[in-house]
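# An overview of the molecular structure
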Amino acid sequence: MKLQRMNRRALALGALAVSGALALTACGSDDTGGSDSGSGDNAAATTNSNVQCDDAKGQLQASGSSAQKNAIDAWVKQYTAACKDVQINYRPDGSGAGITAFTQGQTAFAGSDSALKPEEIEASKKVCTDGQGIDLPMVGGPIAIGFNVPGVDTLVLDASTLAKIFDSKISNWNDPAIAELNPDAKLPDLKIQAFHRSDESGTTDNFTKYLQAAAPDDWKYEPAKAWAAKGGQSAPQSSGVAQQVKQTSGAISYFELSYAKDGIKTVDIKTEAAEPVEANVENATAAIGAAKVVGTGKDLALELDYTPSADGAYPLVLVTYEIVCDKGNKADSLPATKSFLNYVASEEGQGLLADAGYAPMPTEIITKVRETISGLS
């Protein structure tokens, strides 16, 4: 069964890599991801790549979403190999911290798994001269529910059960509600160790939006980047909660699919469809296909569907945005910002995502992103 699941995931990634810009999906990792700058002729370097360095040079500071960290690493590696006069330092310290750093003028752009809120847009106007912060969707994907239950390789849960687990209302793995969803599993008499993010996180925001949308009777907390439910345990950043699942018997947590590695098993989610849905690129694509642009002006914030009913549509998804000033970017960092983001949004940049555990943005969305980047000033 596990081999079949791995094969399905490999096939799904391969199919999306071939099809290019069919849709969105997974996400990131955690530690720092800067690449050291070097010296050299940028124009000559671009002959072996589609990277357009233009006048880019110096250090580019950015921070935020840990969900996209593995994608950032892949982009930075290729970009700085071509543009040797640029050094990019990305701190994966969480969406909340990234937005704060951006609105305080500490970074050229931020990564966030949630679109800017009205108060954050207002704060951005202080650093974006005659402009404001805007959301540029670059990657998206499934939020996996990782679990560590001895003797259980396949686990099915629904939104109601997940809400009760993360609100400390279901506390043991052999609870009748879990057993009903998993009649063939040998569930142990073992305490559930539910881990949530300790830092402000767009992943938490999206996870709690899903719980509120799909299980409103069981999840009474407003979605937010900061965890609101009582009880449970916490760890910082996506890598932190994933590590806790890996090392703690009875653990369960939420994180981007690319963290579900080194033997971490993931939950299949029961929806209104006939069969439970696995967390993989293909199934997330089926759900994210319903995303709509709801931002105004140059802002490209998306509205996601957390309650899809179609067969094979994985309901628990997120989109990661790069947040940048539409106008009023700092003159010393604007060339590098535009050059790097142009590469990220290019066919070559988006083409790196499948190998990093992600998938490219839909053609109609990424086309708008490219147009917006070209007009940054």
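Fair warning: this is a prediction, and the values are worked out from it, not measured in the lab.

Looking only at helices and strands, one finds 13 helices and 13 strands in the protein chain. Split into buried and exposed, the 377 residues of the protein chain put 56% on the buried side. By sequence separation, contacts in the protein chain at least 24 residues apart represent 77% of the contacts at least 6 residues apart. Only carbon and sulfur atoms are counted for the fraction: they give 48% of the accessible area of the protein chain, which is about 15200 Å².

A few words now on the pattern of salt bridges. Scanning the model with the defined rule gives 10 salt bridges in all. A salt bridge links lysine 69 to aspartate 73, with the shortest nitrogen-to-oxygen separation between them at 2.6 Å. One end of the pair, lysine 69, and the other, aspartate 73, are both in helix H3 (residues 69-82), four residues apart, so they sit about a helical turn from each other. Overall, aspartate 73 belongs to the partly exposed group, its relative accessible area being 27%. Close ionic contact of arginine 91 with aspartate 93 constitutes a salt bridge, the shortest N to O distance being 3.5 Å. For aspartate 93, a relative accessible area of 23% puts it in the partly exposed group. Three or more residues are tied together by salt bridges with common partners; here these are Lys117, Asp205 and Lys209.

Bringing the packing of aromatic side chains into the picture now. Under the counting rule described, the total for this entry stands at 12 aromatic pairs. A ring pair is formed by phenylalanine 166 and tryptophan 227, whose centres lie 6.1 Å apart and whose planes are at 65 degrees; its orientation type is edge-to-face. With phenylalanine 166 in helix H6 (residues 159-166) and tryptophan 227 in the loop between helix H8 (202-214) and strand S7 (233-235), the pair connects residues that are 61 residues apart, well separated along the chain. Taking the centre distance of 6.5 Å and the plane angle of 75 degrees together, the rings of phenylalanine 255 and tyrosine 259 count as edge-to-face. Judged on exposure class, the residue phenylalanine 255 and its partner tyrosine 259 are both buried. Within the aromatic cluster, the residues linked to one another by ring pairs are Phe166, Phe207, Trp219, Tyr221, Trp227 and Tyr254.

Mapped onto the fold, threonine 204 is located in helix H8. Separated by 2.6 Å, the side chains of threonine 204 and tyrosine 254 make a polar contact. What threonine 204 contacts, discounting residues up to four positions off in sequence, is Arg197, Ala224, Lys225, Ala226, Trp227 and Tyr254.

By the criterion of burial, helix H4 (residues 95-103) is predominantly enclosed, with seven of the nine residues buried. Residues Ser95, Gly96, Gly98, Ile99, Ala101, Phe102 and Thr103 constitute the buried set of H4. Just downstream of H4 lies glycine 105, where phi reads positive at about 80 degrees.

Below, the discussion takes up the packing of H3 against helix H11 (residues 334-345). The interhelical angle for the contact between H3 and H11, taken along N-to-C directions, is 120 degrees, at an axis separation of 10 Å. For H3 against H11, the interelement crossing comes out right-handed. Here H3 contributes Trp75, Val76, Gln78 and Tyr79 to the contact with H11, which in turn contributes Ala336, Ser339, Phe340, Tyr343 and Val344.

Rules behind the numbers
- Residues numbered from 1 in each chain as written.
- Predicted model: local features only at pLDDT ≥ 70, side-chain atom pairs only at ≥ 80, totals over all residues.
- Heavy atoms only, no water.
- Helix = DSSP H or I, 4+ residues; strand = E, 2+ residues; numbered from the N terminus.
- Buried < 20%, exposed > 50% of the residue type's maximum accessible area, 1.4 Å probe, protein only.
- Contact = heavy atoms within 4.5 Å.
- Areas by Shrake-Rupley, 256 points an atom, 1.4 Å probe, with all protein chains shown as cover.
- Salt bridge = Lys/Arg side-chain N within 4 Å of Asp/Glu carboxyl O.
- Phe/Tyr/Trp six-rings, centres within 6.5 Å; stacked < 30°, edge-to-face > 60°.
- Polar contact = N/O pair within 3.5 Å; in protein donor to acceptor, adjacent residues only side chain to side chain.
- Axes fitted to C-alpha atoms, helices over the stretch in contact; angles between N-to-C directions.
- Left-handed = near helix turned anticlockwise from the far one by under 90°.

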